[in-house]
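Examination of the molecular architecture
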Amino acid sequence: MTPLLRKALAFIRRDFQIESSYKMSFAIGIVDTMMVLIFFYFFSQLVSGESRYLDRYGGNFLSFTVIGLAFARYFQLTLRMFSESIRTAQLSGCLEAMLSSQTDALTIVLMSSLYGLLSGAAQPLLILVAGTAIMGVDLSHTNFPATILVLAFSVLTFVAFGVLSAATILWLKKGDPLAWILGGVGTMLGGAYFPIDVLPPWLRQVSFLIPITYSLDALRLTMLKGYSLEMVARPLLVLASMATILLPASLAIFAAMVRKGRIDGTLTQY
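Residues numbered from 1 in each chain as written. Predicted model: local features only at pLDDT ≥ 70, side-chain atom pairs only at ≥ 80, totals over all residues. Heavy atoms only, no water.

The residue Leu229 is located in the loop between α11 (211–224) and α12 (233–264) in this model. Not counting residues within four places of it along the chain, the set of residues in contact with Leu229 comprises Ala146, Leu149 and Leu236. (Helix = DSSP H or I, 4+ residues; strand = E, 2+ residues; numbered from the N terminus. Contact = heavy atoms within 4.5 Å.)

Let us now look at the confidence of the model for the protein. Segments scoring low in pLDDT should not have their predicted coordinates read at a detailed level. This prediction gives the protein a mean pLDDT of 81; 80% of its residues lie at or above 70. Mean pLDDT values over the elements of the protein span from 64, in helix α4 (residues 95–99), up to 95, in α11. (pLDDT = per-residue confidence, 0-100.)

We now examine a nonpolar patch on the surface. Taken together, the side chains of Val31, Met35 and Ile38 define a hydrophobic patch exposed on the protein surface, amounting to about 270 Å² of accessible area. Tracing the backbone through its elements, the reader meets Val31 in helix α2 (residues 23–46). (Patch = residues over 30% accessible without salt bridge, like charges linked within 9 Å, V, L, I, M, F, W, Y side chains within 5 Å. Areas by Shrake-Rupley, 256 points an atom, 1.4 Å probe, with all protein chains shown as cover. Salt bridge = Lys/Arg side-chain N within 4 Å of Asp/Glu carboxyl O.)

Quick look at the nonpolar core now. Counting residues in hydrophobic clusters, the biggest one holds 61 residues, and the most contacted among them are Ile67, Phe71, Phe75, Leu128 and Phe254. Elements represented by at least two residues in this core include exactly α2, α3 (61–92), α7 (122–133), α8 (144–172), α9 (177–189), α11 and α12. Considering every element that reaches this core, the biggest residue donor is α3, with 15 residues. Here Ile67 is in contact with Leu128, Leu139, Leu216, Leu219, Arg220, Met223 and Leu224, once residues within four sequence places are set aside. (Core = buried A, V, L, I, M, F, W, Y, C linked by side-chain atoms within 4.5 Å. Buried < 20%, exposed > 50% of the residue type's maximum accessible area, 1.4 Å probe, protein only.)

The next thing to look at is the packing of α8 against α11. The contact between α8 and α11 brings their axes to 9 Å, and the two run at 165°. Taken together, the axes of α8 and α11 are roughly antiparallel relative to one another. Remark: the crossing between α8 and α11 carries left-handed chirality. On the side of α8, the interface is formed by Ala146, Thr147, Val150, Leu151, Ser154, Thr157, Phe158 and Phe161, while α11 contributes Pro211, Ile212, Ser215, Ala218, Leu219, Thr222 and Met223. Within the contact of α8 with α11, the residues separate by chemical class into ten nonpolar, five polar and no charged. (Axes fitted to C-alpha atoms, helices over the stretch in contact; angles between N-to-C directions. Parallel < 35°, antiparallel > 145°, perpendicular 65-115°, else oblique. Left-handed = near helix turned anticlockwise from the far one by under 90°. Nonpolar A, V, L, I, M, F, W, Y, C, P; charged D, E, K, R; others polar.)

A word on α8. End to end, α8 covers 41 Å across 29 residues, agreeing with the expected 42 Å (1.5 Å per residue, within 8%). Here α8 starts with a cap whose side-chain oxygen sits 3.2 Å from the backbone nitrogen of Ala146, and that cap is Asn143. (Expected span 1.5 Å × (residues − 1). Polar contact = N/O pair within 3.5 Å; in protein donor to acceptor, adjacent residues only side chain to side chain.)

Now the structure itself:
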């Protein structure tokens, strides 16, 4: 474990040094997050009336949206960071060198995204803190053990899809339909900014195929209404099943795409 830990810390240090050298980009990212939060704050004033669609989550549109905004953006980041890491290595011409090192390909792709996974967690934390401290979102009923477990299985599920996304980049070189479907379309249909109950019945059925639907539903219930693990057992079981099945499958598919790229000599193509 010690060599593996040293490698993980080396990847984190490398990515931190790269990101910290672009201070303006970091500042703009924070401002962008706050601007979106402010937009939804004023939008909530427009739709501040009670809605039967929000009763399940306590009836407050701003609280509903803040949680959706915080975690949907983080899950999108988790989904994209693996493929973006591979794409960056392709464009810089170092992908083949990285994948030809003594460190196996799976370790490289996972550790290349480790810093993004850790630093990206600051974004939902910032949104939740600002929403609570400045905009009056009430998170006092949060069941922390249940919330942490739901978040853990959600992240593992999106990591699995993220690794599949990276495998897609190795195959297609450019263009990632998986990230587009689960990121953009998934956020809309998964209830990030409005309850899925407002969707037409046939679209609602589609939303039940998307992991973010279960993640956001369970997170809202544990954070806004204090639901216990038993009370969110169904979405938690779905997420746990997805993570258990998809994570080893995605790692195997990525490894197969790396082997195919080495045989075909296409790792340097982009």
